[in-house]
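Notes for the structure review
Chain by chain, the residues run as shown.
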Amino acid sequence: RSTLFTVGDRGAVLDDLEAPVLVPHAAKEKGANKDNRYPYERLFRSLQYSLLDNAAREYLFCIEFFGLKVSKAYEMFKQVLGKTMTYLAKQIETYIMTCHDSIGIMLCARINSHYRTTLREKAILCLQPYFDAIDKLLWPRFQYVLTLNTESVRQTDPQKLARVDTRPHFIVRRYAEFSGALLGLNEAVQNGVV
């Protein structure tokens, strides 16, 4: 079971980064669960992967079909998909600015980083400014939410929490789960932000 303080099954999204995009009506037709609800990072992954796939194909098409150099192809690419990327970034910003799920935000940042690296390795740099813009939304919000969590623990008065017990307090357990989740997610990338 996943909570705001644990990764749980949500971390599986990092194992399936190249999986097909989510198609809600197709998922309902399969009859698995009539009320499919996906965590935001799964929706984010699906949206980003769809953009990555379509944008890369469009960019390469501009180069090959019109015989354009990279700089001219990028300008044409911006004309074709610029408004779409702006719209997607705005939608992500709308959600992220009200989100208090630091694990979900970090998963989104890891997804964004993976897709950026994937396109860079293929020498398709048309989405780099978009990935930069998404990072500028995700990391400051992550730091803000992490600061809120830290301040919440600091301001807690242990005398007002509950009776004395020999087991670890639920706040201590949540903090340990949360710390373990962040360390686990950060382990593969060694990002200095966390």
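Our subject is the structure listed above.
Computed from a predicted model, the values in this text were never measured in an experiment.

Each helix and strand in the chain was counted, giving 6 helices and 0 strands. Listed by position from the N terminus, the elements making up the chain come as α-α-α-α-α-α. Here the chain holds 194 residues, and 34% of them are scored as buried. Taking as baseline every contact in the chain between residues at least 6 positions apart, the subset at least 24 positions apart corresponds to 76%.

For Ala-123, which is not glycine, the phi dihedral falls at a positive 60°. Relative to the helices and strands, Ala-123 resides in the loop between helix H4 (102–121) and helix H5 (128–154). On the basis of relative accessible area, Ala-123 is assigned to the exposed category, the value being 59%.

Below, the discussion takes up the side chain of Arg-45. Residue placement: Arg-45 occurs in helix H2 (residues 40–66). Of the side chains with opposite charge, Asp-16 comes closest to the buried, unpaired Arg-45, at an N-O distance of 7.1 Å. Of the polar contacts made by the side chain of Arg-45, one reaches the backbone oxygen of Leu-17; its length is 3.5 Å.

Aromatic ring pairs are described here by two measures, namely the spacing of the ring centres and the angle between the planes. This model, assessed by the stated rule, comprises 10 aromatic pairs. Measuring from centroid to centroid gives 3.8 Å for Tyr-40 and Tyr-95, while their planes differ by 15°, and the two rings are stacked. Separated by 55 residues along the polypeptide, Tyr-40 in helix H2 and Tyr-95 in helix H3 (residues 70–96) bring together distant segments of the chain. A relative accessible area of 34% means that Tyr-95 is categorised as partly exposed. Connected via pairs of aromatic rings, a cluster forms that spans Tyr-40, Phe-44 and Tyr-95.

So, on to the nonpolar core. Residues Leu-127 and Tyr-130 are the most contacted members of the largest nonpolar core, which totals 46 residues. Mapped onto this core, the elements with two or more residues apiece are H2, H3, H4, H5 and helix H6 (170–187). Contact partners of Tyr-130, with chain neighbours within four places excluded, come to Gln-48, Leu-51, Met-85, Leu-88, Ala-89 and Ile-92.

We now examine the environment of Leu-138. Looking at the element boundaries, Leu-138 is found in helix H5. The exposure class assigned to Leu-138 is buried, which follows from its relative accessible area of 0%. Sequence separation between Leu-138 and Met-106 is 32 residues, and the spatial gap between their C-alpha atoms is 7.6 Å. Excluding anything up to four places from it in sequence, Leu-138 contacts Phe-44, Ile-96, Ile-105, Cys-108, Ala-109 and Asn-112.

What counts, and at which threshold
- Residues numbered from 1 in each chain as written.
- Predicted model: local features only at pLDDT ≥ 70, side-chain atom pairs only at ≥ 80, totals over all residues.
- Heavy atoms only, no water.
- Helix = DSSP H or I, 4+ residues; strand = E, 2+ residues; numbered from the N terminus.
- Buried < 20%, exposed > 50% of the residue type's maximum accessible area, 1.4 Å probe, protein only.
- Contact = heavy atoms within 4.5 Å.
- Lys, Arg positive; Asp, Glu negative; His and termini not counted.
- Salt bridge = Lys/Arg side-chain N within 4 Å of Asp/Glu carboxyl O.
- Polar contact = N/O pair within 3.5 Å; in protein donor to acceptor, adjacent residues only side chain to side chain.
- Phe/Tyr/Trp six-rings, centres within 6.5 Å; stacked < 30°, edge-to-face > 60°.
- Core = buried A, V, L, I, M, F, W, Y, C linked by side-chain atoms within 4.5 Å.

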